Amino acid sequence: MSKLILCSGKRTERPYVMPVTGQRVYSIEELCYYIYNNIYFIDESLISDSLIDWIRTELCLPDRARKLELAIKQGSDYKTLLAVVLCSSDYYTEDEIKKLILAVDEIGKMPLAKRKYIKANSYLKRKLYAGAAAEYERLLISEEAADLSPKDYGDVLHNFAITKLYIYGPERAKETFLNAYERNRRKESLRQYLYTLYLCNDKETFEEKIIEYNILEEQRNDIVLKMEQVDKEAKMSKKMEEINELHRLKNKGRLAEFHDKCAQRISGWIDEVRNM
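Source: prediction; values computed, not measured.

Trainee: Got a sec to walk through unusual backbone geometry? Specific residues and values, please.
Mentor: Residues other than glycine seldom take positive phi values, yet Arg185 does so here, at roughly 55°. At Asn214, a position not held by glycine, the phi torsion is positive, near 55°. If you trace the backbone, Asn214 turns up in the loop between helix H11 (203-212) and helix H12 (217-236). Judged by relative accessible area, Asn214 falls into the exposed class, the value being 65%.

Trainee: Quick one: what's the story with the nonpolar core, residue by residue and with numbers?
Mentor: Leu31, Ile35, Ile42, Ile47, Leu51, Trp54 and Leu68 are the most contacted members of the largest nonpolar core, which totals 52 residues. If you list the elements that add at least two residues to this core, you get helix H1 (28-37), helix H2 (49-57), helix H3 (62-73), helix H4 (78-86), helix H5 (94-109), helix H6 (112-125), helix H7 (129-140) and helix H8 (150-167). Sequence-distant contacts of Ile42, that is, excluding residues within four places in its chain, are made with Tyr34, Ile35 and Tyr78. Grouped together as the second largest cluster of nonpolar side chains are 18 residues, Ala161, Phe177, Tyr195 and Met227 included.

Trainee: Tell me what's going on with a nonpolar patch on the surface, and back it up with residues and numbers.
Mentor: Taken together, Tyr166, Ile167 and Tyr168 make up a surface patch of nonpolar side chains, about 340 Å² in accessible area. Mapped onto the secondary structure, Tyr166 falls in helix H8. Take Tyr166: its relative accessible area is 54%, and that puts it in the exposed class.

Trainee: Requested: an account of the packing of aromatic side chains, with residues and values cited.
Mentor: Enumeration over the complete set of coordinates arrives at 8 aromatic pairs. Arranged with centres 6.3 Å apart and planes meeting at 80°, the rings of Tyr33 and Tyr91 form a pair that is edge-to-face. In this pair, Tyr33 sits in helix H1 while Tyr91 sits in the loop between H4 and H5, placing the two residues 58 residues apart along the sequence. On the numbers, 4.2 Å between centres and 5° between planes, the contact of Tyr129 with Tyr166 is stacked. With a gap of 37 residues between them, Tyr129 in helix H7 and Tyr166 in helix H8 connect regions that are remote in the sequence. Cation over ring: Arg11 sits above Tyr26, and NZ or CZ is 4.5 Å from the ring centre. The ring of Tyr198 carries Lys203 above its face, with NZ or CZ at 4.4 Å from the centroid.

Trainee: Describe H12, naming the residues involved and giving the relevant values.
Mentor: Compared with an ideal rise of 1.5 Å per residue, which puts 20 residues at 28 Å, H12 spans 29 Å between its outermost C-alpha atoms and is within 8% of the ideal. Listed in full, the buried residues belonging to H12 are Ile223, Val224 and Met227. All buried residues of H12 project into a common sector of 95° when viewed along the axis, lining one side. Opposite its buried face, H12 presents the exposed residues Glu218, Lys232, Glu233 and Met236, each directed more than 90 degrees away. Looking at the buried residues of H12, the elements they touch are helix H10 (187-199) and H11.

Trainee: Break down the pattern of salt bridges for me, citing the residues and quoting the values.
Mentor: Within the structure shown, the criterion is met by 17 salt bridges. For Arg56, the salt bridge identified is with Asp53, shortest N-O distance 3.8 Å. Placement of both Arg56 and Asp53 in helix H2 is noted, with a separation of 3 residues, approximately one turn of the helix. Judged by relative accessible area, Arg56 falls into the partly exposed class, the value being 26%. The partly exposed category is assigned to Asp53, whose relative accessible area is 38%. Taking the shortest distance from any N to any O, the salt bridge between Lys261 and Glu245 comes out at 3.9 Å. In this pair, Lys261 is assigned in helix H14 (residues 255-274) and Glu245 in helix H13 (residues 238-251), connecting sequence segments 16 residues apart.

Trainee: Could you give me a rundown of the packing of H11 against H12, with the residues and numbers involved?
Mentor: H12 packs onto H11 with a crossing angle of 150° between their chain directions and a minimal axis gap of 11 Å. In terms of orientation, H11 lies roughly antiparallel with respect to H12. The two elements H11 and H12 cross, and the hand of that crossing is right-handed. Contacts between H11 and H12 involve Phe206, Glu207 and Ile210 on the former and, on the latter, Arg220, Ile223 and Val224. Of the residues assigned to the contact of H11 with H12, the class counts are 4 nonpolar, no polar and 2 charged.

Cut-offs applied
- Residues numbered from 1 in each chain as written.
- Predicted model: local features only at pLDDT ≥ 70, side-chain atom pairs only at ≥ 80, totals over all residues.
- Heavy atoms only, no water.
- Helix = DSSP H or I, 4+ residues; strand = E, 2+ residues; numbered from the N terminus.
- Buried < 20%, exposed > 50% of the residue type's maximum accessible area, 1.4 Å probe, protein only.
- Core = buried A, V, L, I, M, F, W, Y, C linked by side-chain atoms within 4.5 Å.
- Contact = heavy atoms within 4.5 Å.
- Patch = residues over 30% accessible without salt bridge, like charges linked within 9 Å, V, L, I, M, F, W, Y side chains within 5 Å.
- Areas by Shrake-Rupley, 256 points an atom, 1.4 Å probe, with all protein chains shown as cover.
- Salt bridge = Lys/Arg side-chain N within 4 Å of Asp/Glu carboxyl O.
- Phe/Tyr/Trp six-rings, centres within 6.5 Å; stacked < 30°, edge-to-face > 60°.
- Lys NZ or Arg CZ within 6 Å of the ring centre and 35° of its normal.
- Expected span 1.5 Å × (residues − 1).
- Arc of directions from axis to C-beta.
- Axes fitted to C-alpha atoms, helices over the stretch in contact; angles between N-to-C directions.
- Parallel < 35°, antiparallel > 145°, perpendicular 65-115°, else oblique.
- Left-handed = near helix turned anticlockwise from the far one by under 90°.
- Nonpolar A, V, L, I, M, F, W, Y, C, P; charged D, E, K, R; others polar.

Structure follows, in structure tokens:
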């Protein structure tokens, strides 16, 4: 968790792993914190049999688990179930819980397309690029996409392009940035498109688009300077040093050491993802 949480309840050694995000929570306070700070991200599927069982057995809160089961049996709505969980600890005040319930009401009144967009953006904010990409793509091909204005549709494409950039690289992202700009006419989408052209070393197309979209020479030079700075910083970064070291080990035939370093690097990446 990204905040110091004082726990008055039991802290289990067996955390509950949140669906999709993989976030681990170890106490009722951490569960409440997760709900409160991810309200635009989670949905009704959160209050599942497995979560209720975890609350009962791991947190030793059988009464709270029974209240949740009874509420579900009585057909209580989603916000009531959230309130039952949040009232399990003193981490949030009554006023804070009421504000959260009002937020749930507001979310429920939103058009489905907007709710899906917010959910996808939540994945992107947490650097869960694969999950975000899947959500954006589902939204773009859904019936609800027809309710989006050209600008909003372009904004979805823009964020979808960002996920492609992180997952596949600039080659797969550039056309999506262009499609975004053709709809939303945002300078940022056009700028990102030009960045990806430059990163793909497609200088000819880059110069053609500079002319086509009437980019001023000063703006063009700013883009080139930015890309040159990024390239220089990347070459001098610690991560690039690690990659170069791997190349040296492999070229020298020190394969055992090469494989050990690769395993360490992969393990580090896994830890980074788990700590998001």
